[in-house]
Protein chains: 2
Amino acid sequence: MNKAADNIRVLAASMVEKAKSGHPGGAMGGADFVNVLFSEFLIYDPENPRWEGRDRFFLDPGHMSPMLYAVLALSGKFTMEELQAFRQWGSPTPGHPEVNVERGIENTSGPLGQGHTYAVGAAIAAKFLQARLGEEVMGQTIYAYISDGGIQEEISQGAGRVAGTLGLDNLVMFYDANNVQLSTTVEEVDDEDIAMKYIAWGWKVIEIDGNDVEEIRDALREAKAETRRPTLIIGHTLMGKGARGADGSSYENKVSTHGQPLSNAGASIAETIKNLGGDPEHPFTIFPEVAELYARRRKELSIIMAGRYAAKEAWAKAYPEKAEKLERWFSGQLPDIDWAGIEQKANQATRGASATVLGVLATRVENMIVASADLSNSDKTDGFLKKTHAFTRGDFSGAFFQAGVAELTMACVCIGMSLHGGVIAACGTFFVFSDYMKPALRMAALMRQPVKFIWTHDAFRVGEDGPTHEPVEQEAQVRLLEKMKNHQGRASMLVLRPADSAETTVSWKLAMENNDTPTALILSRQNITELPARENRYQEALPTEKGAYIVNEDADADVILLASGSEVSTLVDGAALLRADGIKVRIVSVPSEGLFRSQSKEYQESVLPAGTKKFGLTAGLPVNLEGLVGPDGKVWGLESFGFSAPYKVLDEKLGFTAQNVYNQVKELLA
Amino acid sequence: MNKAADNIRVLAASMVEKAKSGHPGGAMGGADFVNVLFSEFLIYDPENPRWEGRDRFFLDPGHMSPMLYAVLALSGKFTMEELQAFRQWGSPTPGHPEVNVERGIENTSGPLGQGHTYAVGAAIAAKFLQARLGEEVMGQTIYAYISDGGIQEEISQGAGRVAGTLGLDNLVMFYDANNVQLSTTVEEVDDEDIAMKYIAWGWKVIEIDGNDVEEIRDALREAKAETRRPTLIIGHTLMGKGARGADGSSYENKVSTHGQPLSNAGASIAETIKNLGGDPEHPFTIFPEVAELYARRRKELSIIMAGRYAAKEAWAKAYPEKAEKLERWFSGQLPDIDWAGIEQKANQATRGASATVLGVLATRVENMIVASADLSNSDKTDGFLKKTHAFTRGDFSGAFFQAGVAELTMACVCIGMSLHGGVIAACGTFFVFSDYMKPALRMAALMRQPVKFIWTHDAFRVGEDGPTHEPVEQEAQVRLLEKMKNHQGRASMLVLRPADSAETTVSWKLAMENNDTPTALILSRQNITELPARENRYQEALPTEKGAYIVNEDADADVILLASGSEVSTLVDGAALLRADGIKVRIVSVPSEGLFRSQSKEYQESVLPAGTKKFGLTAGLPVNLEGLVGPDGKVWGLESFGFSAPYKVLDEKLGFTAQNVYNQVKELLA
């Protein structure tokens, strides 16, 4: 066992050395834990990496990637050549791990703190699925690995509280306490009592020597036996374990080995490898006895898996309906939903229209989980909550997650649920608080997790609550993720701001059908006059799917008026004044510029032809529409923070009225 | 005393009722504490609200503004008419409090968790100043008020850890534990042991009945006597204390009274006012005995202040140099700095150039505090650290704040230092982690706090660390705050991305001289070839102050090449190829579009004349430059997440080379 951990240390140090960049020290200290975990505890199917019942391992400190790649190499998931290509263009071993279930990587990591919060989400998803499908097929344990930095990140407060409050006994977290961080020792910035803190959050805490195989084993056994609480194993480890200088002196427990090759820190890579039983000439080697150890584990796993599959088969025979659900849920297949049949009250706020849809989804989509950061009655996720109930300790029969006031935690928990698989996660809060979620949005976009973000109170019409609660720059901000492509070349996020109830239904349809990227729905607090229907407003709102479409128009329009969200109805009112004046108008609703930009040039040109003057209205920054309006047009937006006053007063003060639309367009055409 | 608290309750409930919106319940529960604090403990000068030695009160839950406005009205800071204008256009009583020291409001609040973290920052600033000026003039106590939501917010982890680790015994926080939050009771989402958690963070914890005057008094006395730790007073309070239904039944302890007028919650405002000893016909009244109580306090304060001013005078005589410093520091005056004389190594990374400047500032600007989120050796704030040392418990003689891995906390602590006054705060981390700080950036911008944000590793040239560490959309994101104006009509933030060492020096000059908004410096990880100098590069870089300027040009240029940051030097190399081909070129550096847009139209036109073709190069999203390049131009940017590989490989793969500049411009001109 010690030999295997040393093998991981040799590989990790050598990868960083060869790449001339990376973090060797932590990887060398944590090797013992991951070795025990992967060679004795983690249950997965080497033949079927996507097996839904697998234990999952979430790494929080992504900079410890060499440790993960090394232990996965011992497990047969990476070749020595791939380890040698660490941090190089196109290699499967990038500087920070990128989610790759086939390779045993459950999450992308790097920004500290998020990784262990995904694990909390995965543990909730496992509980939710277990409540519906049974322990026979959903008995997995979720392991997380956290470092000093992750413990310090603010989000550990949310993750710790949520896991403790919900009593997630299927969650086991190893805290690699090596007392060394990137720029200082830990004690210089943090003298908290971490064990006491986690006990306060309701966790079981075990403190061990994190480099001692026996203690690691015992702790993992004890953690697996716990039936009421999540477990934190505080493992005291030695940063840079085994590192040696040219003269054989120790380079352990040094800040300098945290974030650079050992040789840059003054240590000798050759002496280190020798000290760890390796051959400096051939460092990228699996020791024979280690190969044997992992081959033995592979054999054990094949026996374990035979048992699991047999049990699953028996279960499927006993519960064919559940078996069918399991397959469907993990395949990402949606049940049929009669979107056109969803009845919406006229002239309501789009958050209200969203609540209507959520009420339908609550009964139709059995594997959907909705969350709110203490705003369910405002963000109207209560449309879902009213048809179910919230998770509580020991009871995951409901489908609602009361996240408390912790927006970033909520987002990461939902991402973790999605990474687990088998569930569809959505979460709501005020749009202005999307700011808190940005770090997680970026990760959801990068990992292509189809979480649905429901953001209400979308503009200054929040009114009396004033500037701290009134989004202005947020729409432009989140649409930057529409502009940015993921590694598959698609817009990394779908962002929809529907103009009325019908567009809200269609937007939810798009959100549910989007299985490939996160989706955002930006919804109004205030009531909105329904856009004029020719026959059937829902049918006419279907081109929401193209990102922008013509709501109505006069032949040979003099001007195109465009907007998203509630501003479209203001344009409709303004258009009435213009038309009374003999001006011919086309009104375009643009729920998603990103989606519109992905349409054919012909379609784009048919909706917003070059050469026709355009007027854009946005309650956010003018930049929201400037790209679409172009050089001959004009955008009326909000260029400052908002103000505290009733929203109808703000409409007047800030120029979001039919009359101002009329005035501005007349000026533009003059 | 009870009468005074009831008076606050009547006023708070009536304000919400009249405004038809707001949060009465919490304000009614917390009234007893603020009454005791303001009428017996808080030391300030009613005649001189800006007195630097005042105790400061930071409210975290901004939705409890009615409580704050009411107690400040009793203290003579607001009139009854102003309370009646609660949440109305142009009133000094907006929905959430907006910083207004004259009126006794130390911070804008609303997004939960930030307010109490500002208090931590203010307490650090007080310690820093006390170490330099003495306890005679800097003995103030910092009070914070937090609610259940703030306790749940992730940032409480950072604030709790920092305050405990640094032993901030000048910080007293009241936790209004009423067990009711907006959508549920607290126990449904949070069963942590909060007292134990704060003890784990190193706080003293006192638990009391938060509606009991005597217990509040005793707790505040005990907290003030504590000399080693910050104190948390957990006050169990009754949400909606005194609220009654039409039949006289209690409406206390209900979720429904949290976020709407009492009458909307089914209670009777008239019965409630009567129950609290008020007159429903004239609710906006200060009871005579309460007026007397607060008049008495005013008298006490004038006696206290006479003593304080006398002590200050004696101190100023004994320490004239210190007295001069105190005046200078609190007036925001900078010492003379020989910016032109700062010597920079050629061809270094702009983070390195920043370190040089920081080294100068460390010796010249005695009241400057620099922080880093565990990256001082990477973000090069160690340029400052090397000339000083970090804060530790009981020793604030240094000027560096090791924030640990907690970016949002660091930002809020710096804002809090700035709100305290007397110090200049700056903080550094990787640019990609500016995402974590966004909620605080917005508040700094709204409150016009001149914190300096140092963000290094500014683009994909982070290289091997890969997409999680490579900013792409962040520049566009933070520049949205340049586009958004504050309530004074200025760009709410100054954002500078210098192109070389000389521009970095000038950017720091602008940052230090900007006393009115936050400033961001976006700096490179990798070395940058110095821009070509005609005579003196520093002098030639001075027009950085205009946001954009001509670096060099051929007469009658065929094309204008523009960029910010390290891309400018790539343009210079590309221009050499173009010039060799007979193409005449102008090169423009644009460190700040926002600043450029604030110049005269003539200047803007002289640098970027309409009608000349333009080519923009940005390592961020193309939208960074699209507005400047215009319809006839072309932007080469990065439209996807980054990749893990050495940065010179990425330069080639992603087209950030002289050759690609040449190719693209040739195509544009063709």
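Just so we're clear, the structure is a prediction, and the values are computed from it rather than from any experiment.

### Things to note about the pairing of strand 11 (residues 519-522) of chain B
Residue and element names in this part refer to chain B.
Here's step 1: Side chains of strand 11 alternate between two faces, with Thr519 and Leu521 and Ala520 and Ile522 buried alike.
Here's step 2: Pairing between strand 9 (residues 452-456) and strand 11: four bridges, direction parallel. In the strand pairing of strand 11, Ile454 is matched with Leu521.
Here's step 3: As paired strands, strand 10 (residues 494-496) and strand 11 are joined by three bridges and run parallel to one another. The residue of strand 11 that forms the bridge with Val495 is Ala520.
Here's step 4: Assessed by its sense of winding, the connection that carries the chain from strand 10 through helix 19 (residues 501-513) to strand 11 is right-handed.

### Re the packing of helix 16 (residues 407-420) of chain A against helix 17 (residues 434-447) of chain A
Residue and element names in this part refer to chain A.
Here's step 1: Remark: helix 16 packs on helix 17, axes separated minimally by 7 Å, with the N-to-C direction vectors making an angle of 15°. Here helix 16 lies roughly parallel to helix 17, going by the angle between them. Seen from above, helix 16 lies across helix 17 with left-handed handedness. The segment helix 16 lies against helix 17, with Glu407, Leu408, Met410, Ala411, Cys412, Ile415 and Leu419 engaging Tyr436, Met437, Pro439, Ala440, Ala444 and Met447.

### Looking at the relation of the copies chain A and chain B
Here's step 1: Take chain A, turn it by 180°, move it 0.0 Å along the axis, and it overlays chain B with an RMSD of 0.0 Å. Those values place the two copies in the arrangement expected of a two-fold rotation axis.
Here's step 2: A symmetric contact is evident, with 100% of the interface residues of chain A recurring at the interface of chain B.

### Topic: the environment of Ala144 of chain A
Residue and element names in this part refer to chain A.
Here's step 1: By secondary structure assignment, the location of Ala144 is in strand 2 (residues 142-147).
Here's step 2: Along the sequence, Ala144 and Ala270 sit 126 residues apart, while their C-alpha atoms lie 32 Å from each other.
Here's step 3: What Ala144 contacts, discounting residues up to four positions off in sequence, is Phe58, His116, Ala119, Val172, Met173 and Phe174.

### What about the sheet that holds strand 3 (residues 171-177) of chain A?
Residue and element names in this part refer to chain A.
Here's step 1: The sheet built from five strands is open, its strands ordered 1-2-3-5-4 with parallel pairing. This sheet does not close on itself; its edge strands, each paired only once, are strand 1 (56-59) and strand 4 (204-209). Averaged over all pairs of adjacent strands, the angle between strand axes in this sheet comes to 20°, irrespective of strand direction.
Here's step 2: Pairing between strand 3 and strand 5 (residues 231-236): six bridges, direction parallel. Across the sheet, Phe174 pairs through a bridge with Ile233, a residue of strand 5.
Here's step 3: Contacts between helix 2 (residues 24-41) and the sheet are confined to strand 1, strand 2 and strand 3, with strand 2 contributing the most and set at about 170° to the helix.

### Points about the packing of aromatic side chains
Residues and elements named next belong to chain A.
Here's step 1: Applying the stated criterion across every chain, the model contains 38 aromatic pairs over all chains.
Here's step 2: With a centroid separation of 6.1 Å and an interplanar angle of 55°, the aromatic rings of Phe33 and Tyr145 are classed as tilted. One end of the pair, Phe33, is in helix 2; the other, Tyr145, is in strand 2, with 112 residues separating them in the sequence.
Here's step 3: Take Phe33: its relative accessible area is 1%, and that puts it in the buried class.

### Let's talk about the interface of chain A and chain B
Here's step 1: Counting residues at the interface gives 100 residues for chain A and 100 residues for chain B.
Here's step 2: Summed over the three residues of chain A that lose the most area to chain B, namely Trp89, Glu154 and Phe641 of chain A, the buried surface amounts to 11% of that side.
Here's step 3: The tally of links between chain A and chain B comes to 59 residue pairs in polar contact (both at pLDDT 80 or more).
Here's step 4: Counting only elements with at least two residues in the side of chain A that touches chain B, the list comes to helix 6 (148-152), helix 7 (155-165), helix 8 (194-200), helix 14 (376-379), helix 16, helix 17, helix 18 (474-483) and helix 25 (647-654) of chain A.
Here's step 5: For the side of chain A that touches chain B, the leading source of residues is helix 17 of chain A, giving eight residues.

### Observations concerning the packing of helix 1 (residues 2-19) of chain A against helix 11 (residues 288-318) of chain A
The relative placement of two packed helices comes down to the angle between their axes together with the axis-to-axis distance.
Residues and elements named next belong to chain A.
Here's step 1: Two elements in contact, helix 1 and helix 11, have axes whose closest approach is 9 Å; the angle formed by their N-to-C orientations is 110°. In terms of orientation, helix 1 and helix 11 fall into the roughly perpendicular class. Contacts between helix 1 and helix 11 involve Lys3, Ala4 and Asn7 from the former and Glu289, Val290, Leu293 and Tyr294 from the latter.
Here's step 2: Residue classes in the contact of helix 1 with helix 11 are distributed as four nonpolar, one polar and two charged.

### Side note on the pairing of strand 1 (residues 56-59) of chain B
All names here are of chain B.
Here's step 1: Residues Arg56 and Phe58 of strand 1 are buried on one face, and the alternating residues Phe57 and Leu59, pointing to the opposite face, are buried as well.
Here's step 2: One ladder, built from four bridges, connects strand 1 with strand 2 (residues 142-147); its direction is parallel. Looking across to strand 2, one finds that Leu59 is bridged to Tyr145.

### Here we look at helix 5 (residues 114-133) of chain A
Residue and element names in this part refer to chain A.
Here's step 1: Spanning 20 residues, helix 5 covers 28 Å between terminal C-alpha atoms, matching the ideal 28 Å at 1.5 Å per step.
Here's step 2: Along helix 5, 18 of the 20 residues are buried, which leaves the element largely enclosed by surrounding structure.
Here's step 3: Looking one or two places after helix 5, you find Gly134, whose phi comes out positive at around 105°.

### Side note on the pattern of salt bridges
Residue and element names in this part refer to chain A.
Here's step 1: Summed over the entire model, instances satisfying the criterion amount to 92 salt bridges over all chains.
Here's step 2: In this structure, Arg328 engages Glu324 in a salt bridge whose closest nitrogen and oxygen atoms are separated by 2.8 Å. Taken together, the residues Arg328 and Glu324, both in helix 12 (residues 320-331) and four residues apart, mark about one turn of the helix.
Here's step 3: Residue Glu475 pairs with Arg479 through a salt bridge whose shortest N-O separation is 3.0 Å. Of this pair, Glu475 and Arg479 both sit in helix 18, four residues apart, which is roughly one turn of the helix.

### Things to note about the side chain of Arg217 of chain B
Residue and element names in this part refer to chain B.
Here's step 1: Structurally, Arg217 can be placed in helix 9 (residues 213-225).
Here's step 2: Here Glu40 takes part through its side chain, which lies 2.7 Å from a polar atom of the side chain of Arg217.
Here's step 3: A distance of 2.6 Å separates the side chain of Arg217 from the side chain of Glu214, its partner in a polar contact.
Here's step 4: Residues within four places of Arg217 in sequence aside, it is in contact with Met1, Val36, Glu40 and Phe41.

### Points about the nonpolar core
Nonpolar side chains tend to gather and get buried jointly when the protein is soluble and globular.
Here's step 1: Within the largest apolar cluster, 320 residues are counted, with the highest numbers of intra-cluster contacts made by Trp508 of chain A together with Trp508 of chain B.
Here's step 2: In this structure, Trp508 of chain B is in contact with Trp339, Ser354, Val357, Leu358, Leu361, Met368, Ala426, Lys452, Ile454 and Leu521 of chain B, ignoring residues within four places of it in sequence.

### Some thoughts on the sheet that holds strand 15 (residues 613-617) of chain A
Strand pairing within a sheet occurs via backbone hydrogen bonds; the two strands may be parallel or antiparallel.
Residue and element names in this part refer to chain A.
Here's step 1: Strand order in the open sheet formed by five strands is 12-14-13-15-16, and the pairing between neighbours is mixed. Each of the sheet's edge strands pairs with one partner strand only, and the pair in question is strand 12 (549-553) and strand 16 (634-636). Each neighbouring strand pair of the sheet contributes to a mean axis angle of 25°, computed without reference to strand direction.
Here's step 2: In this sheet, strand 16 lies alongside strand 15 in parallel orientation, the contact comprising three bridges. Looking at strand 16, one finds that Gly616 is bridged to Val635.

### Regarding the environment of Gly134 of chain B
Residue and element names in this part refer to chain B.
Here's step 1: Secondary-structure assignment places Gly134 in the loop between helix 5 (114-133) and strand 2.
Here's step 2: Here Gly134 falls in the buried class, since its relative accessible area comes to 13%.
Here's step 3: Each C-alpha atom of the pair Gly134 and Gly616 lies 54 Å from the other, and the pair is 482 residues apart in sequence.

Reading guide: rules and limits
Residues numbered from 1 in each chain as written. Chains lettered and ligands numbered in written order. Predicted model: local features only at pLDDT ≥ 70, side-chain atom pairs only at ≥ 80, totals over all residues. Heavy atoms only, no water. Buried < 20%, exposed > 50% of the residue type's maximum accessible area, 1.4 Å probe, protein only. Helix = DSSP H or I, 4+ residues; strand = E, 2+ residues; numbered from the N terminus. Pairing = 2+ DSSP bridges. Right-handed = clockwise from strand over helix to strand, strands pointing away. Axes fitted to C-alpha atoms, helices over the stretch in contact; angles between N-to-C directions. Parallel < 35°, antiparallel > 145°, perpendicular 65-115°, else oblique. Left-handed = near helix turned anticlockwise from the far one by under 90°. Contact = heavy atoms within 4.5 Å. Least-squares fit on C-alpha atoms with pLDDT ≥ 70 in both. Phe/Tyr/Trp six-rings, centres within 6.5 Å; stacked < 30°, edge-to-face > 60°. Buried area = accessible area lost by both parts, 1.4 Å probe. Polar contact = N/O pair within 3.5 Å; in protein donor to acceptor, adjacent residues only side chain to side chain. Nonpolar A, V, L, I, M, F, W, Y, C, P; charged D, E, K, R; others polar. Expected span 1.5 Å × (residues − 1). Salt bridge = Lys/Arg side-chain N within 4 Å of Asp/Glu carboxyl O. Core = buried A, V, L, I, M, F, W, Y, C linked by side-chain atoms within 4.5 Å.

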